[in-house]
Amino acid sequence: IHDFYSLSFREQPIFSTRAHVFQIDPNTKKNWVPTSKHAVTVSYFYDSTRNVYRIISLDGSKAIINSTITPNMTFTKTSQKFGQWADSRANTVYGLGFSSEHHLSKFAEKFQEFKEAARLAKEKSQEKMELTSTPSQESAGGDIQSPLTPESINGTDDERATPEVTQNSEPRAEPTQNALPFTHSSTISKHWEAELATLKGNNAKLTAALLESTANVKQWKQQLAAYQEEAERLHKRVTELECVSSQANAVHTHKTELNQTIQELESTLKKKEEEIEGLKQEIDNARELQAQRDSLTQKLQEVEIRNKDLEGQLSDLEQRLEKSQNEQEAFRNNLKTLLEILDGKIFELTELRDNLAKLIECS
């Protein structure tokens, strides 16, 4: 909330509208929980310093929406006046009920527009990082994300001219409960697919780095063996020189040089060992990422199975509804037939009554 109030009073959101705000029930993941008692202002904000777009809504001093738009997000219309999107960072699904279909369509268009802008900004940021990063940084993979701070720019004249609707005059759009589980599952599936694609890219980079590191390790082992052989030869040479007393001074000088060479070789050997340890750590990290990828793949399969089950349940409900409608239609036809028969009987009874009355009068 402190970030919201740090905005300049002269700055306006780039797009604003009014809607009833909902969040998915964290326990059932099926029902909607209203977070505002009446329609509130929902705005898009833009941080020009970081190229970040956010959806923000305040109910008094309480922030009921604080969602950063990412290229993986999808805004889904579940009815004529209700739409929703999933925010994996906030670990929730937001829903908005609008007063008209026009406001919903306008909000969805802006969502798609700012989502595309966020994607382009992310691609430019990644290209800039790849150009400025070192080879070792490229092999590590992953996206660098800076902390987000809400900052606004002046809104358009069209949005400033939109009149605000009062609580009493604005109808409240209720969410469609039947369409929710499928939309939510589809959103989660898209999120996991995007995460899986990112992990696959990181895995490919780490695999290439691992192969390069393995080749370097073999080369360093060969150099290490050569250094050890050279050290042993130098030690033998020092021993031989020490045995020659007539060349003591020359041997002493040569021994000092050899000792210095041995120290340099030992220092180089130590550095190579540290590099080997670093490569082993990178290999362990690659294995951890592989395990995470396998886990995400399994979760994606479980979500797909759940989607199939839900589709089967929907098909069964549709069949039951159709059967019930057919039975009701047959019942209506039977009632019409009975009414026609009853009308005929009533007419016959009326004629019989008239005939009896005439007989009585004649008698």
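Residues numbered from 1 in each chain as written. Predicted model: local features only at pLDDT ≥ 70, side-chain atom pairs only at ≥ 80, totals over all residues. Heavy atoms only, no water.

The name that an unreviewed UniProt entry assigns to the protein is Homer protein homolog 1, with the source organism given as Phoenicopterus ruber ruber. Taken verbatim from the UniProt record of the protein, the Sequence similarities (unreviewed entry) comment is "Belongs to the Homer family." (UniProt positions renumbered as here; feature names shortened; annotations may be inferred.)

Undergrad: In this structure, what is going on with the overall build of the protein? I would like to understand it.
TA: Helix and strand content of the protein: 6 helices and 8 strands. Every one of the 363 residues in the protein was classed for burial, and the buried ones make up 29%. At a minimum sequence separation of 6, the contacts of the protein that also span at least 24 residues come to 65%. Summed over its atoms, the accessible surface of the protein is roughly 24,100 Å², and 51% of this surface lies on carbon and sulfur atoms. (Helix = DSSP H or I, 4+ residues; strand = E, 2+ residues; numbered from the N terminus. Buried < 20%, exposed > 50% of the residue type's maximum accessible area, 1.4 Å probe, protein only. Contact = heavy atoms within 4.5 Å. Areas by Shrake-Rupley, 256 points an atom, 1.4 Å probe, with all protein chains shown as cover.)

Undergrad: What is the right way to read the side chain of Ser67 from this model?
TA: Structurally, the position occupied by Ser67 is in strand β5 (residues 62–68). Reaching out from Ser67, the side chain makes a polar contact with the side chain of Trp85 at a distance of 3.2 Å. Within polar-contact distance, the side chain of Ser67 engages the side chain of Asp87 at 2.7 Å. Not counting residues up to four positions away in its chain, the partners in contact with Ser67 are Tyr53, Arg54, Ile55, Met73, Trp85, Asp87 and Tyr94. (Polar contact = N/O pair within 3.5 Å; in protein donor to acceptor, adjacent residues only side chain to side chain.)

Undergrad: Looking at this model, I keep getting lost on the pairing of strand β8 (residues 92–97). Mind explaining?
TA: Every other side chain in a regular strand lies on the same face of the sheet, so the side chains alternate between the two faces. Counting buried residues along β8, 6 of its 6 residues qualify, which places the element largely inside the surrounding structure. Side chains Thr92, Tyr94 and Leu96 project from β8 onto one buried face, and the interleaved Val93, Gly95 and Gly97 project onto a second face that is buried too. One ladder, built from 4 bridges, connects strand β1 (residues 15–24) with β8; its direction is antiparallel. The residue bridging Phe22 from the neighbouring strand is Gly95, located in β8. Across 6 bridges, the pairing between strand β7 (residues 82–87) and β8 is antiparallel. Residue Gln84 lies in a different strand from β8, and its bridge partner there is Gly95. Connecting β7 to the antiparallel partner β8 that follows it, the hairpin turn spans 4 residues, and Asn91 within it adopts a positive phi of roughly 55 degrees. (Pairing = 2+ DSSP bridges.)

Undergrad: Help me understand the nonpolar core, please; the structure alone is not making it clear to me.
TA: Most often, soluble globular proteins keep nonpolar side chains buried together rather than apart. By size, the foremost hydrophobic cluster in this structure holds 25 residues, and its most contacted members are Tyr44, Ile55, Ile65, Trp85, Leu96 and Phe107. In terms of residue count, helix α2 (residues 101–132) provides more of this core than any other element does, 6 residues in total. Not counting the four nearest positions on each side in its chain, Trp85 is found in contact with Ile55, Ile65, Ser67, Met73, Thr74, Phe75, Val93, Tyr94, Leu96, Phe107 and Phe111. (Core = buried A, V, L, I, M, F, W, Y, C linked by side-chain atoms within 4.5 Å.)

Undergrad: What is the right way to look at the pattern of salt bridges in this model?
TA: Any two side chains of opposite charge can pair if their charged atoms end up close together. All told, the structure shown has 8 salt bridges when counted by the stated rule. The closest approach of N and O atoms between Arg293 and Asp294, which form a salt bridge, is 3.9 Å. When the shortest N-O distance is used, the salt bridge between Arg320 and Asp316 registers 3.2 Å. Of this pair, Arg320 and Asp316 both sit in helix α6 (residues 248–362), 4 residues apart, which is roughly one turn of the helix. Arg320 gets classed as exposed once you look at its relative accessible area, which sits at 54%. (Salt bridge = Lys/Arg side-chain N within 4 Å of Asp/Glu carboxyl O.)

Undergrad: I'm lost on the environment of Ala231 in this one. Help?
TA: The topology assignment puts Ala231 in helix α5 (residues 180–243). Once the C-alpha coordinates of Ala231 and Gln263 are considered, the two residues, 32 residues apart in sequence, prove to be 9.7 Å apart.

Undergrad: Even after reading the chapter, I still don't get unusual backbone geometry, so can you show me in this structure?
TA: Excluding glycine, most residues fall at negative phi; most peptide bonds, likewise, are trans. Unlike most non-glycine residues, Lys29 shows phi in positive territory, near 60 degrees. Inspection of the secondary structure puts Lys29 in the loop between β1 and β2 (32–34). Positive phi is not limited to glycine here, since Asn91 has a value of about 55 degrees. Inspection of the secondary structure puts Asn91 in the loop between β7 and β8. Looking at Asn91, the relative accessible area reads 59%, which means it is exposed.

Undergrad: Any chance you could explain the packing of aromatic side chains here in plain terms?
TA: Think of a pair of aromatic rings as described by two things: how far the centres are apart, and how the planes are tilted against each other in angle. For the coordinates displayed, the defined rule picks out 14 aromatic pairs. An angle of 35 degrees between the planes, with centres 4.6 Å apart, marks the rings of Tyr46 and Tyr53 as tilted. In this structure, Tyr46 and Tyr53 share a single accessibility class: buried. Taken together, the aromatic side chains of Phe15, Tyr44, Tyr46, Tyr53, Phe75, Trp85, Tyr94, Phe98, Phe107, Phe111 and Phe114 make up a single cluster linked through ring pairs. (Phe/Tyr/Trp six-rings, centres within 6.5 Å; stacked < 30°, edge-to-face > 60°.)

Undergrad: Is there a simple way to think about a nonpolar patch on the surface in this case?
TA: A surface patch of nonpolar side chains, amounting to about 400 Å² of accessible area, comprises Phe331, Leu335, Leu338 and Ile341. Checked against the element boundaries, Ile341 lands in helix α6. (Patch = residues over 30% accessible without salt bridge, like charges linked within 9 Å, V, L, I, M, F, W, Y side chains within 5 Å.)

Undergrad: I'm lost on the pairing of β1 in this one. Help?
TA: Here β1 lies mainly inside the structure; 8 of its 10 residues are buried. By the bridge criterion, 5 bridges tie β1 to strand β3 (residues 40–47) in an arrangement that is antiparallel. Looking at the pairing, Phe15 lines up with Tyr44 of β3.

Undergrad: Just to check I follow, could you spell out a negative patch on the surface for this structure?
TA: Residues Glu273, Glu274, Glu275 and Glu277 make up a contiguous surface patch of negative charge. In this fold, Glu277 is placed in helix α6. (Lys, Arg positive; Asp, Glu negative; His and termini not counted. Charge placed at Lys NZ, Arg CZ, Asp CG, Glu CD.)

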